[in-house]
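The primary structure of each chain is shown beneath.
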Amino acid sequence: MRLVRYRKAEHTGHGALIGEYIHAMGDSPLGSSRPGPRIAAVDEVELLAPCDPRTIVCAGSNYAGQIAEKQRPWPTQPPLFLKAPNAVVGPGSAVIHPAELRRLEYEGELAVVIGRSARDVSAASFADYVLGYTCANDITAHDWRADGQWTRAKSADTFCPLGPWIETAVDDPQALRLRTLVNGRTVQDGSTADMVFGVGELLAFVTRWITLQPGDVLLTGSPAGVGPLVPGDRVEVRIEGVGTLSNPVAGTEPLDAPGTTFTT
């Protein structure tokens, strides 16, 4: 089943996408198992990010190909970081390239959406806690990561596109082809089988210390081929059996005083 969040006129709701039509799912798809009446055709609504996470936990350096490409040491445990909820946008929404930034990067990823409260989850039982999967783009400000400003580099507004829906019928999250395209050209082409730590291992590791709640998101890392984005680009993340997330890249006006420092 494909679960969506949508906006139609002034109404925002949850639904199930069946064919070309959205069916009602009550106040939240997390607590409902059966679609209700038909609401609208999918092209009559705006699709939003399919969940509204309180917490977004991300795994870095989790694909063997990227580790080799970047000549990084092999991780003995998942390197984790957070993205802030303000970074979330949905399919079709613009990713903002800050004017003062020299290099903005895409990172196509498989996102795990949590379906029930998860604490001390065992790797073997991870599927019991997963609502489904969606496409993610871990947008990163390379300059700000390089100077140690990881929070800013990962959590600026629009830096976490999610969508277009939550696919609940994924039999094996470790057997999915993942591609990223920029302006129609393939720039990443990998498989989730290349993950160093699979979804179960990641969920077990994270929930030893962090309780994840329904609607929270786990980003699972990105294959080799991470590269730059500039205003005017369109970036797509395509995951076999899940969907395609597409977002344009837009620029901003330069700061009045480039190089301004901030004090507290």
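Definitions and cut-offs
Residues numbered from 1 in each chain as written. Predicted model: local features only at pLDDT ≥ 70, side-chain atom pairs only at ≥ 80, totals over all residues. Heavy atoms only, no water. Helix = DSSP H or I, 4+ residues; strand = E, 2+ residues; numbered from the N terminus. Rg over C-alpha atoms; globule rule 2.2 N^0.38 Å. Buried < 20%, exposed > 50% of the residue type's maximum accessible area, 1.4 Å probe, protein only. Contact = heavy atoms within 4.5 Å. Lys, Arg positive; Asp, Glu negative; His and termini not counted. Charge placed at Lys NZ, Arg CZ, Asp CG, Glu CD. Pairing = 2+ DSSP bridges. Phe/Tyr/Trp six-rings, centres within 6.5 Å; stacked < 30°, edge-to-face > 60°. Salt bridge = Lys/Arg side-chain N within 4 Å of Asp/Glu carboxyl O. Patch = residues over 30% accessible without salt bridge, like charges linked within 9 Å, V, L, I, M, F, W, Y side chains within 5 Å. Areas by Shrake-Rupley, 256 points an atom, 1.4 Å probe, with all protein chains shown as cover.

**Q** Is there a simple way to explain the overall build of the protein chain in this structure?
**A** For the protein chain, the count of helices and strands is 4 helices and 20 strands. Computed over C-alpha atoms, the radius of gyration of the protein chain comes to 18 Å, within 12% of the 18 Å expected from 2.2 N^0.38 for 264 residues, which places it in the range of a compact globule. The principal-axis extent of the C-alpha atoms belonging to the protein chain is close to 55 × 45 × 40 Å. Looking at the protein chain as a whole, 52% of its 264 residues qualify as buried. In the protein chain, 71% of the contacts between residues at least 6 apart in sequence involve partners at least 24 apart. Across the protein chain, the centroid of the 23 positively charged side chains sits 1 Å from that of the 30 negatively charged ones.

**Q** Sorry if this is basic, but what is going on with the sheet that holds strand S10 (residues 104-106) here?
**A** Each strand in a sheet pairs with its neighbour through backbone hydrogen bonds, running either in the same direction (parallel) or in the opposite one (antiparallel). Here 3 strands make up an open sheet; going across it, the order is S13-S10-S18 and the pairing antiparallel. Sheet topology places strand S13 (140-141) and strand S18 (227-229) at the edges, where each strand pairs with a single neighbour. Here 2 bridges tie S10 to S13, and the two strands are oriented antiparallel to one another. By the bridge assignment for S13, Leu 104 is matched with Ala 141.

**Q** Help me understand the pairing of strand S7 (residues 80-83), please; the structure alone is not making it clear to me.
**A** Every regular strand shows the same layout, with side chains that alternate between the two sheet faces. Of the two faces of S7, only one is covered, namely that formed by Phe 81 and Lys 83; the face formed by Leu 80 and Leu 82 stays uncovered. Sheet topology places strand S6 (residues 56-59) next to S7; 4 bridges connect them, and they run antiparallel. Paired with Val 57 across the bridge in S7 is Leu 82.

**Q** Which parts of the structure should I look at to understand the packing of aromatic side chains?
**A** One pair of aromatic rings is described through two measures. These are the centre distance and the angle between the planes. Tallied over the entire structure, the rule returns 2 aromatic pairs. Judged by centre distance (5.5 Å) and plane angle (65°), the ring pair of Phe 81 and Trp 150 falls under edge-to-face. On the criterion of sequence distance, the pair formed by Phe 81 in strand S7 and Trp 150 in helix H3 (residues 150-155) is long-range, its members being 69 residues apart. According to the relative accessible area criterion, Trp 150 is partly exposed, its value standing at 38%.

**Q** In this structure, what is going on with the pattern of salt bridges? I would like to understand it.
**A** Across all of its chains, the model carries 14 salt bridges by this definition. The partner of Arg 2 in a salt bridge is Glu 167, with the nearest N and O atoms 3.4 Å apart. Of the two residues, Arg 2 is situated in strand S1 (residues 2-8) and Glu 167 in strand S14 (residues 160-167); the sequence distance between them amounts to 165 residues. With its nearest N and O atoms 2.8 Å apart, the salt bridge here joins Arg 177 to Asp 189. Of this pair, Arg 177 sits in strand S15 (residues 177-182) while Asp 189 sits in strand S16 (residues 185-191), placing them 12 residues apart in sequence.

**Q** Help me understand a nonpolar patch on the surface, please; the structure alone is not making it clear to me.
**A** A grouping of Leu 82, Trp 209 and Ile 210 is seen on the molecular surface, where their side chains present a nonpolar patch of about 310 Å² in accessible area. With respect to the helices and strands, Ile 210 occurs in the loop between helix H4 (199-206) and strand S17 (217-219).

**Q** What is the right way to read the environment of Gly 200 from this model?
**A** Tracing the sequence through the fold places Gly 200 in helix H4. Sequence separation between Gly 200 and Val 121 is 79 residues; the distance between their C-alpha atoms is 8.5 Å.

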